[in-house]
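What follows is the residue order along each chain.
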Amino acid sequence: MRHRHLPTAALALGVVVLLDVLRVWLPSIITIFGRAAETPAELLGAFALGWFVLALAAPVLLRRTGPRPVGLVAAGMLAAARLALTAAPGGRVQLWLACAGLLAGLVWLAATAATVVRPVPGLAFGLAGAAVGHALLGTEDLVWRGGPLGWVLSVLLVGAFLAAQAAPSSPAGLRPSARPAALAGDAVPAPGGGAGRAAWLLVGPVLLLAGQLALTTAVWDAAASYWHGSADLPGLALPPARLAAVPEVAIALFLAAVLLRPPRPVARPLWPAALVVGAGLFAADRAGWLAAAVLLSAAGLGGCLALVDTVGERATVPAERVPAEPVPATTGPGGDTGSVAVRGAGAGAGAAPARSGKDSAAGPSAAPDPSASDGGRRDFAVVGGMLGFAVGSVAYYAAYDLGYPNGWVPVLAALVVAVAAVLAPPPAAAPVRRPVPVWTVLGAMLLTAVAGGIHRPAPAPNPPATPPAAVRVAAYNIRMGFGLDGRLDLDALTRAVEGGRPDVVLLSEVDRGWLLNGGHDTLALLAGRLRMPYVFAPAADPVWGDAVLSRFPVRAGRTRPLAAHGAPTGAQALGVTLDLGGRELAVVATHLQPPPGEGPVAQAGEVAAFATRYAAGRPLVLGGDLNTEPGDAAFAEFTRAGLVDALAAARPLRTSPADDPRTQIDHVFVSPGLTASGATAPRSTASDHLPVAVTIALP
């Protein structure tokens, strides 16, 4: 790697490490501090925002100590926290390690901003590298993987980051104070205020948009899965029968928009418009628009980053052209008289000091970076931008507890980035023409395609030669894949499902890319381990809802959104028709959301009516997290519709909380004529619920 690229590499690697920590910190806030929605949403939000507010003190620390030592210490703490999280047992230890890592990462960003004028290349390559790496891991974070391979890859990542961070810095407007630009005849930033501030301020909104939509591998996969529905399965997502191009095209559009840079009169309206339209399509909450939202936002985000990249190589003047003026000689530590220094135009506070006589013998002294005095504003800008990231994240997901519209969050973040891109000044000098690194785009596309080949979904099953006499059905609220210890343990989740030996699995709280939960496609990860294809229906937004996994072919399906009735979180009823080899079984999966202080009576009635209509006389199984207990009014809605409690013989069958079950809120109902037996609730802490499983004998 050329010396002048080290700061870009350090920033890119640091972004990857920080994203790893964020993917643990965000779900830890919900699952550990939030205690499965037991903690009030206002207190949870205040705790989360407090760490970003605390980071506002970082620029003050940088003034007193200097950015270089603070940056090195913060980088070391960030790296240590990242490795410790892989070894952490979960629980409070994980929460506080993640908080410490987040704070260290924010301080590191501030220290980097104080010395790096041009963050766009490092930020762009960091986001792209994190997305491609997540794809290669099948959206399961490296931080959750133990074993020799996981540890080796984690140590290599952290070691590369620390090595790049500790290496001597390069000039060319990146870390100008670290090496004299004029000594080597390098370019120094052209005079002008506010160098790099806009780009650093946008780091927070860019991370929010990238993590929520544009560069989230799980959302790419979810968008591709909606392409594989049919007229018999409207609005539903299925495993791609062939490799879909959404991930490859998304990463290519992002990198090409950053690197190719069309003429500014074309780029200035094109990229901001694409970003805002993409965010708007996502906010519209239409599953069929998700792929278009991903592709437009990926291209628009990359293009807007290119537009705000107005400093660095493109906006430089050769050092020998910087007007020089003599500076009176200074006296060195030993009483020696230093040589006359050269001060470039625009020099001010933070300029490099005059060199000693010993140094001057080697050549002219540094032309100080005129933007060095602006470093204090850049570090405040990046910390303020990250506070915006926190506010946006909390505001979007708190809506599912507090019940207000949240579609404005990605749109507002997109508007902030778009306005900054439109108002960004043009480069102060003509661009330096360099070969376009086409290999970068092609390499990222190839790796993303390889990832899709590695993590191919289970093939669609064939119908059995003869109809089975009975079907084993399980219902499980998986809490987005996170156990009671706050860790994403997919192996434990798989064991919990397999403990019921099911042929059909009804899943609730299925996450396919929520930033709040780390951006994993929990459904695809679990379905791959179980070797069972899925059908997914959105409930809250296009990547959160309910699913059915089946060892039998799915012939048809339908989703029906349920009225909220005052509940803040969306709900739906998913009906699918299974081919049992000449016979059909109707299956309905749902997760009822009761209004505050009430039972889900109205939603229960809607689901019962939908299920009986959908079955149309065929054998029917209905199940999920119904948030009601036997004897409640909502429970009675199902029996009133003629359905039979399949778990009645095993009552009481308590399922929540998983470590000390006290309530019976996960249920399976069947149509009259079906016989249920062998009901169990296998013990596990892989979620905050226990799964329930029961054998359904067919007539």
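Preceding this section is the structure that the text describes.
Reading the values: rules and limits
- Residues numbered from 1 in each chain as written.
- Predicted model: local features only at pLDDT ≥ 70, side-chain atom pairs only at ≥ 80, totals over all residues.
- Heavy atoms only, no water.
- Phe/Tyr/Trp six-rings, centres within 6.5 Å; stacked < 30°, edge-to-face > 60°.
- Helix = DSSP H or I, 4+ residues; strand = E, 2+ residues; numbered from the N terminus.
- Buried < 20%, exposed > 50% of the residue type's maximum accessible area, 1.4 Å probe, protein only.
- Lys NZ or Arg CZ within 6 Å of the ring centre and 35° of its normal.
- Pairing = 2+ DSSP bridges.
- Axes fitted to C-alpha atoms, helices over the stretch in contact; angles between N-to-C directions.
- Contact = heavy atoms within 4.5 Å.
- Left-handed = near helix turned anticlockwise from the far one by under 90°.
- Nonpolar A, V, L, I, M, F, W, Y, C, P; charged D, E, K, R; others polar.
- Right-handed = clockwise from strand over helix to strand, strands pointing away.

1. Things to note about the packing of aromatic side chains
Two numbers describe a pair of aromatic rings. These are the distance of the centres and the angle of the planes.
Moving on, step 1. Tallied over the entire structure, the rule returns 17 aromatic pairs.
Moving on, step 2. Measuring from centroid to centroid gives 6.1 Å for Trp144 and Phe482, while their planes differ by 75°, and the two rings are edge-to-face. Within this pair, whereas Trp144 is found in the loop between α6 (120–136) and α7 (147–166), its partner Phe482 is found in the loop between β5 (470–477) and α18 (490–498), the two being separated by 338 residues in sequence.
Moving on, step 3. Since its relative accessible area comes to 0%, Phe482 is described here as buried.
Moving on, step 4. Look at Tyr400 and Trp514: their rings are 5.0 Å apart centre to centre, the planes differ by 20°, and that puts the pair in the stacked class. Placement of the pair is Tyr400 in helix α15 (residues 375–402) and Trp514 in the loop between β6 (504–511) and α19 (522–530), with a sequence separation of 114 residues. As far as burial versus exposure is concerned, Tyr400 and Trp514 are alike and both buried.
Moving on, step 5. Arg618 extends its terminal NZ or CZ atom over the ring of Tyr614, reaching a point 5.4 Å from the ring centre.

2. A word on the sheet that holds strand β15 (residues 675–680)
Moving on, step 1. Taken in spatial order, the 6 strands make up an open sheet running β7-β8-β6-β5-β16-β15, and their pairing is mixed. In the strand order of this sheet, the two ends are held by β7 (534–541) and β15, each with one partner. Averaged over all pairs of adjacent strands, the angle between strand axes in this sheet comes to 20°, irrespective of strand direction.
Moving on, step 2. Contacting β6, β7 and β8 (544–550), α19 crosses the sheet at an angle of about 150° to β6.

3. Some details on the packing of helix α1 (residues 6–33) against helix α2 (residues 41–54)
Moving on, step 1. One way to put it is that α1 packs onto α2 with a least axis distance of 11 Å and a crossing angle of 145°. Considering the relative orientation of α1 and α2, their crossing is right-handed. From α1, Trp25, Ile29, Ile30 and Phe33 reach across to α2, where they touch Leu43, Leu44, Phe47, Ala48, Trp51 and Phe52.
Moving on, step 2. The residue makeup of the contact of α1 with α2, split by class, is 10 nonpolar, no polar and no charged.

4. A closer look at the pairing of β8
Moving on, step 1. Taken across its 7 residues, β8 has 7 buried, putting it largely inside the fold.
Moving on, step 2. Two strands pair when backbone bridges link them, and β6 and β8 are joined in this way by 6 bridges, in the antiparallel orientation. For Val505, the partnering residue across the bridge sits in β8 and is Leu549.
Moving on, step 3. Bridge count for β7 against β8 is 6 bridges, and the pairing is antiparallel. Within β8, the position partnered with Asp541 by the bridge is Trp544.
Moving on, step 4. Count of turn residues in the β7/β8 antiparallel hairpin: 2 residues.

5. Focus on the pairing of β5
Working note: regular strand, side chains alternate between the two faces of the sheet.
Moving on, step 1. Within β5, 7 of the 8 residues are buried, which leaves it mostly tucked inside the rest of the structure.
Moving on, step 2. Sheet analysis places β5 next to strand β16 (residues 692–697), joined by 6 bridges and oriented antiparallel. Bridge pairing in β16 links Val471 to Ile696.
Moving on, step 3. As for the winding sense of the linkage, the β-α-β connection from β5 through α18 to β6 is right-handed.

6. Considerations on unusual backbone geometry
Moving on, step 1. With an omega of 0°, the peptide bond running from Arg651 to Pro652 counts as cis.
Moving on, step 2. With respect to the element layout, Pro652 can be found in the loop between β13 (644–645) and β14 (666–670).
Moving on, step 3. With omega at -5°, the peptide bond leading from Ser656 into Pro657 counts as cis.
Moving on, step 4. Here Pro657 lies in the loop between β13 and β14.
Moving on, step 5. The backbone of Arg531 shows a phi angle near 55°, a positive value even though the residue is not glycine.
Moving on, step 6. As for its placement among the helices and strands, Arg531 is situated in the loop between α19 and β7.

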